[in-house]
Structure formats: structure tokens, C-alpha cells
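Residue-level structural notes
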Amino acid sequence: MTIERGRNWGGPASPGSVDEVASSNEELRRLVEDQWQVRGHSPRIGLTGGDLWKALGEPSGGIERINSSKARQVPVDVIECRLDGRPYLAVAHVFLFNNWWRGPVVAIMNSEWRGVWRVAPKAHPNDGMLDLVEGDLPIRQRILIRRRLLTGDHLPNSALKVNRIKEFTREFRRPVRVVIDGAEQERCRQVSLRVQPDALTIVY
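The notes below deal with the structure included here. Just so it is clear, the structure is predicted and the values come from calculations on it, not from any experiment.

**Points about unusual backbone geometry**
A cis amide bond links Leu-155 with the next residue in sequence, Pro-156, at an omega value of 0°. The residue Pro-156 is located in the loop between helix 4 (139-148) and strand 11 (161-165) in this model. A positive phi angle is found at Glu-58, which is not glycine, with a value near 55°. For Glu-58, the position within the fold is in the loop between helix 2 (51-55) and helix 3 (62-66). Using a relative accessible area of 42% as the deciding quantity, one classes Glu-58 as partly exposed. Its identity as a non-glycine residue notwithstanding, Asp-84 has a phi of 50°, on the positive side.

**A word on the packing of aromatic side chains**
Enumeration according to the criterion identifies three aromatic pairs in this entry. Geometrically, the ring pair formed by Trp-100 and Trp-117 is edge-to-face, given 6.0 Å between the ring centres and 85° between the ring planes. Residue Trp-100 is found in the loop between strand 6 (93-99) and strand 7 (102-109), and its partner Trp-117 is found in strand 9 (residues 117-118); the two are separated by 17 residues along the sequence. Accessibility expressed as a relative area gives 13% for Trp-117, which makes it buried.

**Observations concerning the pattern of salt bridges**
If the charged atoms of two oppositely charged side chains come close together, the side chains can form a pair. One pass over the full model with this rule turns up eleven salt bridges. A salt bridge links Glu-26 to Arg-29; the nearest nitrogen and oxygen atoms lie 3.3 Å apart. Of the two residues, Glu-26 and Arg-29 both sit in helix 1 (residues 25-39), three residues apart, roughly one turn of that helix. Note on Glu-26: relative accessible area 35%, which makes it partly exposed. Close ionic contact of Arg-189 with Glu-171 constitutes a salt bridge, the shortest N to O distance being 3.5 Å. Separated by 18 residues along the polypeptide, Arg-189 in strand 14 (residues 188-203) and Glu-171 in strand 12 (residues 167-180) bring together distant segments of the chain. One network of salt bridges, in which partners are shared, links Glu-26, Arg-29 and Glu-33.

Conventions and cut-offs
- Residues numbered from 1 in each chain as written.
- Predicted model: local features only at pLDDT ≥ 70, side-chain atom pairs only at ≥ 80, totals over all residues.
- Heavy atoms only, no water.
- Helix = DSSP H or I, 4+ residues; strand = E, 2+ residues; numbered from the N terminus.
- Buried < 20%, exposed > 50% of the residue type's maximum accessible area, 1.4 Å probe, protein only.
- Phe/Tyr/Trp six-rings, centres within 6.5 Å; stacked < 30°, edge-to-face > 60°.
- Salt bridge = Lys/Arg side-chain N within 4 Å of Asp/Glu carboxyl O.

Printed below as a string of C-alpha cells:
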């Protein structure tokens, strides 16, 4: 069940209760995709780094914490993606664009963070929703927003479209760049995304 207002998110985890541990967005996505295909149900993965880990408060301790009485667990949503019909999963975010400095940029966020950028300050990885942020800004505004992204102060902004969504479908006239959890994929024209609630259990 996704998180509800006023209720605690997750709870204690049994020490050493995971077989796999990820330390980055890309490692987590690969493990989720592999386990999803093999087991066909929600995987359980330890996490010591990446943007979802940052959304959890960047808890210190690494693998030692996961194997101790301090370990906690939370359910997490994932993003099911189709790029020109090819299936992918995303755990933190998906970016669609041609150039960071020119043309439209679309961000679909499951976590508020992309590295040091706080792209979607209200995003939560277990609310059953995705946060869409998109715009096509002049170069001067992009320079200003780049600095404000560090704190999330780029929002609200009348030049940026912000929505809470469960699904996203778009067809582009020309193939666009697609970056999933920080990893660039093949360019595509047709993009379809939807949230999968409670698809993953993170232990940290």
C-alpha cells in the first residue's frame, strides 16, 4: 500500500535480509529489472547510494547498517517504460530532451533528486504518483534555474509545467534523447510511462 498522509513510511527490517545491494541508480535499476524478469514479483534490495537513497535521508553505515539492527525497509514505486515499444524500468527518474541548453526538456520524477539537483521537491517514491516537470526556457533562465535546482527553489515557475501523473504518453516528431536513472538509452519517438505502486522493497 502506498504511503498515506500522517502515517509512517515502512518499518524495521531484519538484519541481513537482502541478497543483493545497490550503491547507485544504475545498479538498482539493473537489479530490479533482472529480479522482475526472473521472479515476476516485487524484489527486495539493499540500497547504499543513488537518488532514492538520497530521498531516504542519505543514511550512513552502508552494508554494515543493512546487516544491523538499524536496518529499515520501505515499499517503493517504479516507473514502467516503453520506448518505441521496447520495455524498460526506471527507479528514480526519466529525462527526455535533445539538448540541456536548447529545446524542450521533460523530467518524469519518482524521486525529488537527480544527483545534486532537487528537480521535483514534492516527489515521493511511494505515493503512487509521478511528478512531471517540463519547459522550454531561454538560455538565461536555464542558467538561473541550474543554480536554483540545488535547493528546489526553481519552483514554482510560470515558465515550467508541473503536474502529478500516473501515466505519460507522447510522440515526438523526431527521435529524442532518453536518460533513465542517469543512463542514456537509444533515441526514440514514442514514449509511454506509467507508475507501478509498491513494486519494490528497499532496505537501508
